[in-house]
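Listed below are the residues making up each chain.
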Amino acid sequence: MSIDLALIPGLPAPAPAFNLVLHADIFLLAIAAVFALATLPRALARFSRAAEWTQGHLLRSVRLQSTRRRPSLQQQQPTSPRSAQGPSPSTSSPPDPGFASSSGHDGAQDGVTSEGSHTYFSHSHLLPTRFHPLQTHPLLRLAPSACPRVVCDSTSRWGLLRYRLDMGFSVGQAIVLGIYGVVMIYASFWSSDPFRDPLRTGYVAMAQIPVVYVLGTKNNVLGMCVAMGYERLNYIHRFAGMLLVLLSNVHAVGYIYVWTFDGTLSAYLHTSHVIWALVALVALDVLYFFSTSFWRRKAYNIFIGTHIICFIVFLPAAYFHQAGMLPYIIAAGAAYGLDHILRLLKTRLSDARIRPIPDLCLTRIEIPEVNAGWRAGQHVRIRILSSAMGWIGWAEVHPFTIATVARTPEGLVLMCKNVGGWTGKLYEMAKVAGYGCEEGDVGRAVLTAIEGPYGGPGHAVLASFSAAMFVVGGSGITFALAAVQDLIQRDLEGSSRVKLIDLIWCIQDPCTSLLFSLPCTHNTLTPTQPPSPAPPLFTSLIQQSTRAPLKISVHYTRAADVPPAKDFLPGLTLTAGRPRIAKVLDAVIARAVSYGYGVKAGMDITGVVVGVCGPVGLGDEVSQAVSAVDPGRRWAVGGIEMYEE
């Protein structure tokens, strides 16, 4: 709250306080610059490939080249485990490197296998099948890090940073928040008494305004600089917001204390700048109250509504309280405005077709008009512009991971799990015109607003690692499907170093995966043409992975009324119980070091990438397994990098 400090005896001059806070801000900006510079080698390696300039930024529609369709599963006659996965396009198939099952046993002990599609249909036959000689592009020579033996292995000495102190909260995150908090506490209370120098905490609170607004946007400058999505920086946004609220209240209490003992409280409460200060303070306190986990989980619409209203009210109120805050307010307003301009540029209005999948309690959204512009692992935010979604539902926006690779006739596909509320309305709307309602019917058409893409692996290129391992739970399979299809596509194009791929899928009901072994038909071109046969997606992916063998392990945790079948093709195991992730990771490391076929046999070992998508507890378990890897083995494989979607 603004006041002439010269009128209050004993209070220090404001200049030293302002300079102290300014220097604290510069120090934090310097730390952020160090993180940004650390990503520069990967950025140069990634963008040295011209195609990367158009991937992961804007959704668009491109004209696709015609692709030769692969024969259906019924037309293929495998004669051996490897030939069952499809013959090599140019040479004989590579030998099987061997594997350890994710249940902790070597090989498939019980023979329980199944193939299937989480999306119900296969579109891997749309990938190009011509194999090109491996291209040693700078992208593959430099990434996953500019020097794998130095950069990747350096992370092994900091395995403690991945240790989880709480669900989804690591030691590394705690250190970042600790440094931030210590700097702000030092700036607030060094040689200062908040009850005699309340202006100091006001300065520090003012310094938090741009940070809170920048990190609260979907397209934030800091995220662009350090190659991290907004969702991965959200923990700093929440912490800075908490500091803003706390310091603002300390600032207010300090002045109320001074005015009370000075006998001028009533006079100051009637001044305009103090009234505006109270408006700004109430806006912050209301915002904080409705930002607690209870409101985020139980009433998200109230949470987001109060966020928007209070953020808009706070900035002008802060300016009318103290005009000297204008540079900080302009910075916050500029970040907010830039974000909404970029959101508008990233939004596409497109017709989509929604289909219910009752056995999985999912809604499948297909948008064939949007077929390019994203990278594997990214997500979009979608609005369903239909009155059937309710009075407010049509305006709600929800994030979903993209389940397909770019540049296929199928376009952009999302899998939305029915968990009630908005997704429940979407599922019920899809059931109105679901499968088989009428002859030739393929679902219900709706108008959608697609915003994105967001997130993703940053400047990391999954195809530049020697091995890839994905651990997903439930609907998180969409992330793994897109990543695996992208790796296979790059492998067939000759632009991948990956020698082997392991996929672990944790589900509750084994029938979920068994459903995918049933024959199905799906038209990947236009709804007016007759449907064409397509093999289950898991089977088709294994058949495509001739240069980088794909192993898929499905684990179910709920007892089945009917024992799962055991007469499926090899390549995918179905096992009861939770996976032993540490043992599987150890086997992947061993295979990455020892296995190589053809041109990949002579390549340098460039590390293992571990992708995770699912419940928070699953990410914590995988993080623990990665941290527990012996430093010697980590060095031998070129480092291990974990990406959590």
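Further up the page is the structure itself.
Residues numbered from 1 in each chain as written. Predicted model: local features only at pLDDT ≥ 70, side-chain atom pairs only at ≥ 80, totals over all residues. Heavy atoms only, no water.

A.B. asks: In this structure, what is going on with the packing of helix H12 (residues 300-321) against helix H13 (residues 326-345)? I would like to understand it.
C.D. replies: A pair of packed helices is captured by two measures, namely the crossing angle of their axes and the spacing between those axes. Closest axis-to-axis distance for the H12/H13 pair is 9 Å, and the angle between their directions is 155 degrees. With respect to each other, H12 and H13 are oriented roughly antiparallel. Our pair here, H12 against H13, has a crossing hand that is left-handed. Residues Ile308, Leu315, Ala318 and Tyr319 of H12 touch H13, and the partners they reach there are Leu326, Ile329, Ala332, Gly333 and Tyr336. Each residue belonging to the contact of H12 with H13 can be placed in one class, and the counts come to eight nonpolar, one polar and no charged. (Axes fitted to C-alpha atoms, helices over the stretch in contact; angles between N-to-C directions. Helix = DSSP H or I, 4+ residues; strand = E, 2+ residues; numbered from the N terminus. Parallel < 35°, antiparallel > 145°, perpendicular 65-115°, else oblique. Left-handed = near helix turned anticlockwise from the far one by under 90°. Contact = heavy atoms within 4.5 Å. Nonpolar A, V, L, I, M, F, W, Y, C, P; charged D, E, K, R; others polar.)

A.B. asks: Is there a simple way to think about unusual backbone geometry in this case?
C.D. replies: Trans peptide bonds make up most of the peptide bonds, and negative phi angles are found at most residues other than glycine. A cis amide bond links Gly452 with the next residue in sequence, Pro453, at an omega value of 5 degrees. The backbone phi angle of Ser191 is positive, close to 50 degrees, even though this residue is not glycine. Tracing the backbone shows Ser191 in the loop between helix H5 (171-189) and helix H6 (198-215).

A.B. asks: Quick question: what am I supposed to make of the environment of Leu44 here?
C.D. replies: Relative to the assigned elements, Leu44 resides in helix H2 (residues 40-47). Spatially, the C-alpha atoms of Leu44 and His459 are 8.9 Å apart, while their sequence positions differ by 415 residues.

A.B. asks: Is there a simple way to explain the packing of aromatic side chains in this structure?
C.D. replies: One pair of aromatic rings is described through two measures. These are the centre distance and the angle between the planes. What the rule picks out here adds up to 21 aromatic pairs. Ring geometry for Phe289 against Phe290: centres 5.0 Å apart, planes inclined by 80 degrees, an arrangement best described as edge-to-face. Relative accessible area serves as the criterion here: at 18%, Phe290 is assigned to the buried category. One aromatic cluster is present, built from ring pairs that chain together Phe289, Phe290, Phe294 and Trp295. It is Lys218 that lies over the ring of Tyr230; its NZ or CZ is 4.9 Å from the centre. (Phe/Tyr/Trp six-rings, centres within 6.5 Å; stacked < 30°, edge-to-face > 60°. Buried < 20%, exposed > 50% of the residue type's maximum accessible area, 1.4 Å probe, protein only. Lys NZ or Arg CZ within 6 Å of the ring centre and 35° of its normal.)

A.B. asks: Got a minute to help me understand a positive patch on the surface in this structure?
C.D. replies: Taken together, the side chains of Arg238, Arg296, Arg297 and Lys298 present a region of like positive charge at the surface. The biggest single contributor to the positive patch is helix H11 (residues 293-298), with three residues. Structurally, Arg297 is set in helix H11. Here Arg297 falls in the exposed class, since its relative accessible area comes to 58%. (Patch = residues over 30% accessible without salt bridge, like charges linked within 9 Å, V, L, I, M, F, W, Y side chains within 5 Å. Areas by Shrake-Rupley, 256 points an atom, 1.4 Å probe, with all protein chains shown as cover. Salt bridge = Lys/Arg side-chain N within 4 Å of Asp/Glu carboxyl O. Lys, Arg positive; Asp, Glu negative; His and termini not counted. Charge placed at Lys NZ, Arg CZ, Asp CG, Glu CD.)

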